Amino acid sequence: MDLSRVGAHDATERSGATRDAAVLAPVLRRPGGDALLFTKRADHLGEHAGEMSFPGGGREPEDADLEATALREAEEEIGLHPTEASVAGTLDDIYTVTDYVVRPFVATIPDRQYTPHEAEVAEIAVIDLADLCDPANYEVDSRVHPEYGEVLIDYFHVGDYTVWGATGRILGQLLSVAAGWSRPAEPAGGDGA
């Protein structure tokens, strides 16, 4: 994964949502190949319960900027100290169905054990880049959004985990920018859209 491409990416910034948020897409450099760290959200959470996500959340008044938001949330959710993260850059802001605009930050982090914050995180999952880029682990669905018309929903299925929704959109762009991935012409299990 070439993170210098993330640093060179001219990210699109958006506004107009009710609340600003940020996530950290953590990359672990491993001898056998890079991997990404995800959290599985606790089942009792009101929004996106049980879904796979990157550490992150809403901007708080004490956050100096959105990067500070992403790093604070990563510390709260997985125990990553902000000085351990080496931020490579940002991806395009995205809107969510819950009226957030989310800025994704991409960073390398140490390959060590992380501790999930039990109130928010049910599990921490580290998924190999090769598995995320494997066309056999990908499908796409087409849906009609009331404001945006037809939208494609990316699904990355690896083992017992499925990454989709806002996290799937962020992941797809990260893989495209840094790993040369592109949506397969006829994804496994998809409708070929």
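Residues numbered from 1 in each chain as written. Predicted model: local features only at pLDDT ≥ 70, side-chain atom pairs only at ≥ 80, totals over all residues. Heavy atoms only, no water.

What to know about the packing of aromatic side chains
Here is the rule: Any Phe, Tyr or Trp ring, taking Trp's six-membered ring, that has another such ring centre within 6.5 Å forms a pair; planes under 30 degrees apart are called stacked, those over 60 apart edge-to-face, and the others tilted. Numbering of helices and strands runs from the N terminus; a helix is a DSSP stretch of H or I covering at least four residues, while a strand is a stretch of E covering at least two. Burial classification: accessible surface area is computed with a 1.4 Å probe over protein chains only, and a residue below 20% of its type maximum counts as buried, one above 50% as exposed, and the rest as partly exposed.
Going through the model one piece at a time under the given rule, you end up with five aromatic pairs. Measuring from centroid to centroid gives 5.4 Å for Tyr138 and Trp181, while their planes differ by 70 degrees, and the two rings are edge-to-face. Taken together, the residues span a long stretch of sequence, with Tyr138 in strand 9 (residues 138-145) and Trp181 in the segment after helix 4 (165-179) at a distance of 43 residues. Residue class for Tyr138 comes out buried when judged on its relative accessible area of 1%.

Some remarks on the environment of Leu71
Formally: Only heavy atoms matter for contacts: two residues are in contact if any of them lie within 4.5 Å across the pair.
One can find Leu71 in helix 2 (residues 66-78). Look past the residues within four positions of Leu71 in its chain and what remains in contact with it is Leu24, Leu80, Pro82 and Ala85.

Details of the confidence of the model for the chain
Should pLDDT be low for a region, the predicted coordinates there are not to be read in detail. Put simply, the rule reads: Confidence scores here are pLDDT values: one per residue, from the predictor, ranging 0 to 100.
With 90% of its residues at a pLDDT of 70 or more, the chain shows a mean pLDDT of 89. Put simply, strand 9 is where the chain has its lowest mean pLDDT, 85, and strand 5 (residues 86-90) is where it has its highest, 98. Note on residues 187-193: pLDDT under 50 across the span, and 20 contacts to partners over four residues away in sequence or across chains.

Describing the nonpolar core
Going by this rule: By nonpolar core we mean a set of buried residues, namely Ala, Val, Leu, Ile, Met, Phe, Trp, Tyr and Cys, connected to one another through side-chain atoms within 4.5 Å.
Formed by 32 residues in total, the largest nonpolar core has its most connected members in Phe38, Leu132 and Leu174. Among the elements that make up this core, the one with the highest residue count is helix 4 (six residues). Apart from residues no more than four positions distant in its own chain, Phe38 is found in contact with Met52, Ser53, Phe54, Glu123, Ile124, Ala125, Ile127, Leu132, Val163, Thr167 and Leu171. Judged by nonpolar contacts, the second largest core, of 15 residues, contains Leu24, Leu28, Leu37 and Leu71.

Brief notes about the pattern of salt bridges
As a reminder, the rule being used: Between Lys or Arg on one side and Asp or Glu on the other, a salt bridge is scored when a side-chain nitrogen of the former is within 4 Å of a carboxyl oxygen of the latter.
Considering all chains together, one arrives at twelve salt bridges under this definition. Residue Arg103 is joined to Glu13 by a salt bridge in which the shortest nitrogen-to-oxygen separation is 3.6 Å. With Arg103 in strand 7 (residues 100-108) and Glu13 in the loop between helix 1 (4-8) and strand 1 (19-28), this pair connects stretches of sequence that are 90 residues apart. Note on Arg103: relative accessible area 16%, which makes it buried. Accessibility expressed as a relative area gives 61% for Glu13, which makes it exposed. Residue Asp63 is joined to Arg72 by a salt bridge in which the shortest nitrogen-to-oxygen separation is 2.8 Å.

Thoughts on the side chain of Asp154
As a reminder, the rule being used: Pairs of N or O atoms are called polar contacts if they sit within 3.5 Å, as long as, within protein, a hydrogen donor faces a hydrogen acceptor (for residues adjacent in sequence, only side-chain-to-side-chain pairs).
Its place among the elements puts Asp154 in strand 10 (residues 149-158). Owing to a relative accessible area of 6%, Asp154 belongs among the buried residues under this scheme. Polar contacts involving the side chain of Asp154 include one to the side chain of Tyr138, which spans 2.3 Å. Within the local environment of Asp154, its side chain forms a polar contact with the side chain of Arg183, the two groups lying 2.8 Å apart. Those residues in contact with Asp154, other than ones at most four positions away along the chain, are Tyr138, Glu139, Val140, Val163, Trp164, Gly165, Gly168, Arg169 and Arg183.

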